[in-house]
Amino acid sequence: MAGNEWINGYLEAILSTGASNIEEQKPAPVTLKDGGHFNPTKYFVEEVVASVDESDLYRTWIKVVATRNTRERSSRLENMCWRIWHLTRKKKQLEWEEGQRLTQRRIEREQVRRDAAEDMSEDLSESEKGDILGEMAQSNETSKKTFQRQVSNLEVWSDDKKEKKLYIVLISMHGLVRGENMELGRDSDTGGQIKYVVELARALAQMPGVYRVDLFTRQISSPEVDWSYGEPTEMLSAGQDDDDCVGESSGAYIIRIPFGPREKYLRKELLWPYIREFVDGALAHILNMSKVLGEQVGGGQPVWPYVIHGHYADAGDSAALLSGALNVPMVLTGHSLGRNKLEQLLKHRQSMEDINSTYKMMRRIEAEELSLDAAELVITSTKQEIEEQWGLYDGFDVKLEKVLRARARRGVNCHGRFMPRMAVIPPGMDFSNVVTQEDGPEVDADLAQITSSTVEGNSPKTMPPIWSEVMRFFTNPHKPMILALSRPDPKKNIITLLKAFGESRPLRELANLTLIMGNRDDIDEMSSGNASVLTTVLKIVDKYDLYGQVAYPKHHKQADVPEIYRFAAKTRGVFINPALVEPFGLTLIEAAAHGLPMVATKNGGPVDIHRALNNGLLVDPHDQQAITNALLKLLSDKTMWQECRKNGLKNIHLFSWPEHCRTYLTRVAACRMRHPQWQTSTPGDDLPAEESFNDSLKDVQDMSLRLSIDGDLAGISAGHDMQDQVKRVLMSRMKKPDNGSNDKLQDNAVGKYPLLRRRRMLIVIALDFYKSTGAPDKSMIKIVQSIMKAAQLDPQNAKTTGFALSTAMPMSEAVDFLKSGNIQAKDFDALICSSGSEVYYPCTPTEDGKLVSDMDYVAHIDYRWGYDEGLKKTIWKLMNTSEAEGKISSSPVVEDSKSSNSHCISYKIKDPSKVRKVDDLRQKLRMRGLRCHPMYCRRSTSMQVVPLLASRAQALRYLFVRWGLNVANMYVVVGETGDTDYEELITGTHKTIIIKGVVTKGSEEVLRSPGSYHREDVVQDGSPIVVQISEPTENNIASALNQLSQAGAM
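Residues numbered from 1 in each chain as written. Predicted model: local features only at pLDDT ≥ 70, side-chain atom pairs only at ≥ 80, totals over all residues. Heavy atoms only, no water.

- Per an unreviewed UniProt entry, the chain goes by the name Sucrose-phosphate synthase and belongs to Stylosanthes scabra.
- Its UniProt record, at the heading Sequence similarities (unreviewed entry), says of the chain: "Belongs to the glycosyltransferase 1 family."
- Under the Pathway (unreviewed entry) heading, UniProt states for the chain: "Glycan biosynthesis; sucrose biosynthesis; sucrose from D-fructose 6-phosphate and UDP-alpha-D-glucose: step 1/2." (UniProt positions renumbered as here; feature names shortened; annotations may be inferred.)

**With respect to unusual backbone geometry**
Next up, step 1: Despite not being glycine, His415 shows a phi value in the positive range, around 55 degrees.
Next up, step 2: Mapped onto the secondary structure, His415 falls in the loop between α15 (398-410) and β10 (421-424).
Next up, step 3: Of note in the backbone geometry, Ser835 takes a positive phi value of approximately 60 degrees without being a glycine.
Next up, step 4: With respect to the element layout, Ser835 can be found in the loop between β20 (830-833) and β21 (838-842). (Helix = DSSP H or I, 4+ residues; strand = E, 2+ residues; numbered from the N terminus.)

**Here's the deal with the pattern of salt bridges**
For side chains bearing opposite charge, pairing can occur when the charged atoms are close.
Next up, step 1: Under the defined criterion, the tally for this structure stands at 48 salt bridges.
Next up, step 2: Of the charged contacts in the structure, one is a salt bridge between Asp226 and Arg178, with a shortest N-O distance of 3.2 Å. In this pair, Asp226 sits in the loop between β4 (210-218) and β5 (233-237) while Arg178 sits in the loop between β3 (166-171) and α8 (192-205), placing the two residues 48 residues apart along the sequence.
Next up, step 3: For Asp226, a relative accessible area of 30% corresponds to the partly exposed category.
Next up, step 4: The closest approach of N and O atoms between Arg952 and Asp768, which form a salt bridge, is 2.9 Å. Taken as a pair, Arg952 in helix α35 (residues 952-963) and Asp768 in the loop between β18 (761-765) and α29 (779-792) lie far apart in primary sequence, 184 residues in all. (Salt bridge = Lys/Arg side-chain N within 4 Å of Asp/Glu carboxyl O. Buried < 20%, exposed > 50% of the residue type's maximum accessible area, 1.4 Å probe, protein only.)

**Focus on the packing of helix α18 (residues 494-502) against helix α24 (residues 624-636)**
Next up, step 1: Contact pair α18 / α24: the axes reach a minimum separation of 9 Å and the direction vectors enclose 65 degrees. Of the two elements, α18 crosses α24, and the hand of that crossing is right-handed. Along the contact surface, α18 presents Thr496, Leu497, Lys499 and Ala500, while α24 presents Gln624, Ile627, Thr628 and Leu631.
Next up, step 2: Here the residues of the contact of α18 with α24 sort into four nonpolar, three polar and one charged. (Axes fitted to C-alpha atoms, helices over the stretch in contact; angles between N-to-C directions. Left-handed = near helix turned anticlockwise from the far one by under 90°. Contact = heavy atoms within 4.5 Å. Nonpolar A, V, L, I, M, F, W, Y, C, P; charged D, E, K, R; others polar.)

**Details of the sheet that holds strand β26 (residues 905-909)**
Next up, step 1: One open sheet accounts for four strands, arranged β25-β26-β28-β27; its pairing is antiparallel. With partners counted over all chains shown, the strands left at the sheet margins are β25 (893-895) and β27 (932-937), one partner each. Pairwise comparison of adjacent strand axes, ignoring direction, gives a mean angle of 25 degrees for this sheet.
Next up, step 2: In the packing of helix α33 (residues 869-879) onto the sheet, the strands contacted are β25, β26, β27 and β28 (942-947), and the crossing angle to β26 comes to about 25 degrees.
Next up, step 3: On the sheet, helix α34 (residues 918-927) packs against β27 and β28 and is oriented at approximately 155 degrees with respect to β27. (Pairing = 2+ DSSP bridges.)

**Considerations on the sheet that holds strand β11 (residues 481-485)**
Next up, step 1: The parallel open sheet is built from six strands, whose spatial order is β13-β12-β11-β14-β15-β16. Each end of this open sheet is capped by a strand with a single partner; those strands are β13 (550-551) and β16 (616-619).
Next up, step 2: Of the pairings in the sheet, the one linking strand β12 (residues 512-516) to β13 comprises two bridges and is parallel in character. Its bridge partner being in β13, Leu513 is matched across the sheet by Val550.

**Focus: a negative patch on the surface**
Next up, step 1: Residues Asp521, Asp522, Asp524 and Glu525 make up a contiguous surface patch of negative charge.
Next up, step 2: For Asp524, a relative accessible area of 72% corresponds to the exposed category. (Patch = residues over 30% accessible without salt bridge, like charges linked within 9 Å, V, L, I, M, F, W, Y side chains within 5 Å. Areas by Shrake-Rupley, 256 points an atom, 1.4 Å probe, with all protein chains shown as cover. Lys, Arg positive; Asp, Glu negative; His and termini not counted. Charge placed at Lys NZ, Arg CZ, Asp CG, Glu CD.)

**Re the side chain of Ser835**
Next up, step 1: What makes Ser835 buried here is its relative accessible area of 0%.
Next up, step 2: In contact with Ser835, other than residues within four places in its own chain, are Thr807, Ala808, Met935, Cys937, Gln944, Val946, Ser951 and Arg952.

**Considering the packing of aromatic side chains**
Next up, step 1: Scanning the model with the defined rule gives 10 aromatic pairs in all.
Next up, step 2: Between Phe473 and Tyr552 the ring centres are 5.1 Å apart and the planes differ by 55 degrees, which places this aromatic pair in the tilted class. Separated by 79 residues along the polypeptide, Phe473 in the loop between α17 (465-471) and β11 and Tyr552 in the loop between β13 and α21 (561-570) bring together distant segments of the chain.
Next up, step 3: Tyr552 gets classed as buried once you look at its relative accessible area, which sits at 15%.
Next up, step 4: Among the aromatic residues, ring-to-ring pairing joins Phe216, Phe259 and Phe278 into one connected group.
Next up, step 5: In this structure, Arg218 is placed above the aromatic ring of Phe259, and the distance from its NZ or CZ to the ring centre is 5.7 Å.
Next up, step 6: The ring of Tyr1013 carries Arg363 above its face, with NZ or CZ at 5.7 Å from the centroid. (Phe/Tyr/Trp six-rings, centres within 6.5 Å; stacked < 30°, edge-to-face > 60°. Lys NZ or Arg CZ within 6 Å of the ring centre and 35° of its normal.)

**Points about the nonpolar core**
Next up, step 1: Of all hydrophobic cores here, the largest spans 106 residues; its most connected members are Ile171, Phe216, Phe278, Leu326, Trp390, Tyr841 and Leu959.
Next up, step 2: At 10 residues, the largest contribution of residues to this core is made by helix α9 (residues 275-297).
Next up, step 3: Setting aside residues up to four positions removed in sequence, Phe278 forms contacts with Ile171, Met173, Phe216, Thr217, Ile257, Phe259 and Ser318. (Core = buried A, V, L, I, M, F, W, Y, C linked by side-chain atoms within 4.5 Å.)

Next comes the structure, spelled out in structure tokens:
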């Protein structure tokens, strides 16, 4: 059917018309039987074609009729008829399945709330329970009152914060981002979000107490786009003029991080496999900048980011990893949400397979869920976004969030449960360049003079070029202008607006219509959705003969937009946003600032904007007549028009950038502030520059590690000897070394600090090589020895190359396993054990090579970790129930206390076929407010649940932050498969060596459920920093190391 694509469009158009519409239009009952038999051709002609009045359908019908062969024509018609029946049936099936899914989700959410209430009820008195119920009953308050109540108890950000020197990081990864001449509307990725983040960065940099703002995005060096997008840094604005200590690094900047194909511009759906590459690049920049800012305004101490703010799902995923590596708060703004878009696409009868293939929707939704796991604060534009959009996510429950907030306020244990706070902060706008025309008769006279001179060919008064471009469409430019400004996206509902205009004679006589639909050169070169809208616009203009009454210019600059608003206001026109759903509606605020009343959709953000400005009317975007009536009412009632105009101008200050930033900083300041716990300024850092490698970040107090000898965590509290040792070390550091004692100083640093901070290169052995029983395979010993010997074959780098072991085994088992092959733990610079929940270092030679635990890492990953019997009980309950069978008669798991520790709950798997997949288990935990990192390991014979911030991949980033060893200088050795965190270990900027034929079976079969995202959405193909070898010989490994080192230098 390759040549009959028009049939599919025909059928879709018929279905879009709606069966009810057809029923209303048919003139009389039609006999569907011909001689006692169903006649599909007759049904098709009389029931469908004759009942639908659409020019597109008519032309398609002509094509069918033009088929010369009668039998072929009849056969084709019958085939089309049955396909209509099939598609209608499929639509009903999808609607039924969606209804079932929503019902199941509602039942499950209620069960989750009951479980949470049961687990936490013992900590509340009866009066406190009543208080919580009372607070939940207040959920019907207006968003304005709710927001005022939430902010009233917070200290509002003011000028007395000026002494603070904050460093703020914003992330917006996709699209084309630059400060000037933004190409908004060039594609679907370069829209309002780009303008928003750039203006937010500029505005924040001007707030008291903010020293520097970095806006991270992707560096693009492609001939497809302007060269400016390849510049590593772009200044948006300088620091505050009234700041007494403005340094050279103050102000707002765009920082472009290279990730993904260097010379190719990618749409956002194709960026997912490169997320961790971006994270590692951004982390390197932050560490360097923190050090620079520390020298300028931090008194020599690094200035860590005050907050990391991700915009959209991809940036949210990145911000979650960055905030986890740096231990600083994360804020999220969704802009557009995947679950909401998924529901809309399903309603349009698109299959999940097609949706996932085109939009990578399941990967996007998982990124949004991960962002909710890590975010301290989620900023929304409207209350509707919280309840109707974020409420669709597993990681957020409005009712449970209120319960947890009430408990936290009373100091009652939440048993590790957490829900991010939601804050409604409308986007800001820069009103400095807005020129509002004063009311009066001279306005009309001025416009008349301009328009008449244009018609007559004279130019007594200068006129913006965009005015001429618009006016050339109009027969009578004096009439009020109805202005719509949006992308030509079907969701923007431009077609309904145009039909309303074309079918209303009073409206056509009263006003002109201007459609600003982005920029275009050739409709054929546009995306199918945009091209379809524009083509339909041209057809409707022709159908209703709207020439001289509708303007649809091909091009406009960003600087022209204020002039377009001003032109509409001069004509006493109206701005309209008829979108099916509008997340916020920034154009409504821009129009109000220029004195334009509004007609807007009642679905989404315009409701809150209208409540604040009271400058227009809200309509049902599906009701064409309601749109017509609202426009007629505003345009014909001059008193109402004037009142709406004045209200908008009077209240517009509520949406200014200073107001937005003040509220923003107030809410961020109320978050739980976190930052790296260790100090960074001991004399031990006075090593010669050539000996201090990768000094992105230098640490400080020698014993800030708060070591636990032999990894005995319980022995930390009884640490009088430890305190004495710290004092002795600090006293020795305070003594100035002799001028010729560099060697002693270096030896001392080597003895007291982990050798990691003196390494140029770290080889991380992360082979998940286990027997079917889950015991480590003895063959791995030989591979480890080959890797160590291979590193010594390069004498130039041998002394500066270190080793780390990364494993799911607990420390004691890993050490015993190494000893069985005559490998000592002291041969490693670090041991990452229990799936990233523990980090150990070998002690100094005088301490017999014992291992010490990094207690800073323990404190680091403790964030949102609710280790108690409640968590164990929940996990046990989830692992012993099945959605299909209910309670499982025989438990598939048993707790493994020997492999557990304070930050790792371990279980042995008795029956892998009955366990939940990782994504399913994580979903159930999220719904209960439990933020954990579950994973299967050791060939699916064990399951470990570790804190949200703990993983083997994140542990490598921790080593970068803690000891300054850049992730890009790490070489991770893995098999062809591994534990369920395997994909995290083979992505990022570190180099990867995959040894083929060694690990034949891992745990990845229990990673994702059917219908989830795919591996190619996480792992890129053909990466130049991934090398595969077939035999783990010393020469092969050495050759791979050399190849990767050269690839990294390119």
